[in-house]
Amino acid sequence: MEKENGLTGAEWNVMECLWASSPRTGREATEYLEKSVGWTKSTTLTMLRRMTEKGLIKCDGSGEVRLYSPLVAREDAAMRETGDFINRVYKGSVGLMMSAMTEKQMLTKDEIDELYAILKKAEEDGNA
């Protein structure tokens, strides 16, 4: 399904379109992507075809129009991207990433509380 190195930037654009509303016709995807990223009809249809061939999206052409739907859940793509980012930039260290994030920007009380809640849940779920 999802390719080895995750989604490209252009593929993310298409997936965001399909995650926002699915299934979409080629025309609906074209209109959405023209407004959101300035793509032409040709660019959008080429991306839809390539991503269908890669198994990232499915195309149902059984009716009068082709309908496109994502085969990768947004959460799965985000987790993959996050893991790749942490491995590439922080050599797999979540602690190093959090340290870098908290040193360079001020966190609000609500954001700190949210981080504590996430860590507490991870500990309770046995992820610690």
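The coordinates are above.
Residues numbered from 1 in each chain as written. Predicted model: local features only at pLDDT ≥ 70, side-chain atom pairs only at ≥ 80, totals over all residues. Heavy atoms only, no water.

**Student:** Describe the environment of Thr46, listing the residues and the values that go with them.
**Tutor:** Relative to the helices and strands, Thr46 is located in helix H3 (residues 41–54). Take Thr46: its relative accessible area is 25%, and that puts it in the partly exposed class. Within the local environment of Thr46, its side chain forms a polar contact with the backbone oxygen of Ser42, the two atoms lying 2.9 Å apart. (Helix = DSSP H or I, 4+ residues; strand = E, 2+ residues; numbered from the N terminus. Buried < 20%, exposed > 50% of the residue type's maximum accessible area, 1.4 Å probe, protein only. Polar contact = N/O pair within 3.5 Å; in protein donor to acceptor, adjacent residues only side chain to side chain.)

**Student:** Help me get a handle on the sheet that holds strand S1 (residues 24–25), residues and values and all.
**Tutor:** The strand order S1-S3-S2 describes an open sheet built from three strands, whose pairing is antiparallel. Two strands in the sheet have a free side with no partner beyond their single neighbour: S1 and strand S2 (57–60). Of the pairings in the sheet, the one linking S1 to strand S3 (residues 67–70) comprises two bridges and is antiparallel in character. Bridge pairing links Thr25 to Leu67 in S3. (Pairing = 2+ DSSP bridges.)

**Student:** Summarise the pairing of S2; cite the residues concerned and give the values.
**Tutor:** Across four bridges, the pairing between S2 and S3 is antiparallel. What sits directly across from Lys58, in S3, is Ser69. Between the end of S2 and the start of S3, which pair antiparallel, lie six residues.

**Student:** If you had to explain the packing of helix H1 (residues 9–20) against H3 to someone new, which residues and values would you point to?
**Tutor:** Between H1 and H3, whose axes approach to 11 Å, the crossing angle comes to 95 degrees. One finds that H1 runs roughly perpendicular with respect to H3. From H1, Ala10, Glu11, Val14 and Met15 reach across to H3, where they touch Met47, Leu48, Met51 and Lys54. Here the residues of the contact of H1 with H3 sort into six nonpolar, no polar and two charged. (Axes fitted to C-alpha atoms, helices over the stretch in contact; angles between N-to-C directions. Parallel < 35°, antiparallel > 145°, perpendicular 65-115°, else oblique. Contact = heavy atoms within 4.5 Å. Nonpolar A, V, L, I, M, F, W, Y, C, P; charged D, E, K, R; others polar.)

**Student:** Could you give an account of the side chain of Arg24, naming the residues involved and the relevant values?
**Tutor:** With respect to the element layout, Arg24 can be found in strand S1. Salt bridges are absent for the buried Arg24, whose nearest opposite-charge side chain, Glu28, sits at 5.6 Å. From its side chain, Arg24 meets the backbone oxygen of Cys17 in a polar contact 2.9 Å long. Those residues within four positions of Arg24 in sequence are excluded, and the remaining contacts are Cys17, Leu18, Ala29, Tyr32, Arg66, Leu67 and Tyr68. (Lys, Arg positive; Asp, Glu negative; His and termini not counted. Salt bridge = Lys/Arg side-chain N within 4 Å of Asp/Glu carboxyl O.)

**Student:** Can you lay out helix H4 (residues 74–90) for me, pointing to particular residues and giving the numbers?
**Tutor:** Over its 17 residues, H4 extends 23 Å from the first C-alpha to the last, a length consistent with the 24 Å expected when each residue adds 1.5 Å. Restricting attention to buried positions, one finds in H4 the residues Ala77, Ile86 and Tyr90. One face of H4 carries all of its buried residues, which in axial projection span an arc of 165 degrees. Of the exposed residues in H4, the ones pointing more than 90 degrees away from its buried face are Asn87 and Arg88. On its buried side, H4 packs onto H1 and helix H5 (94–104). (Expected span 1.5 Å × (residues − 1). Arc of directions from axis to C-beta.)

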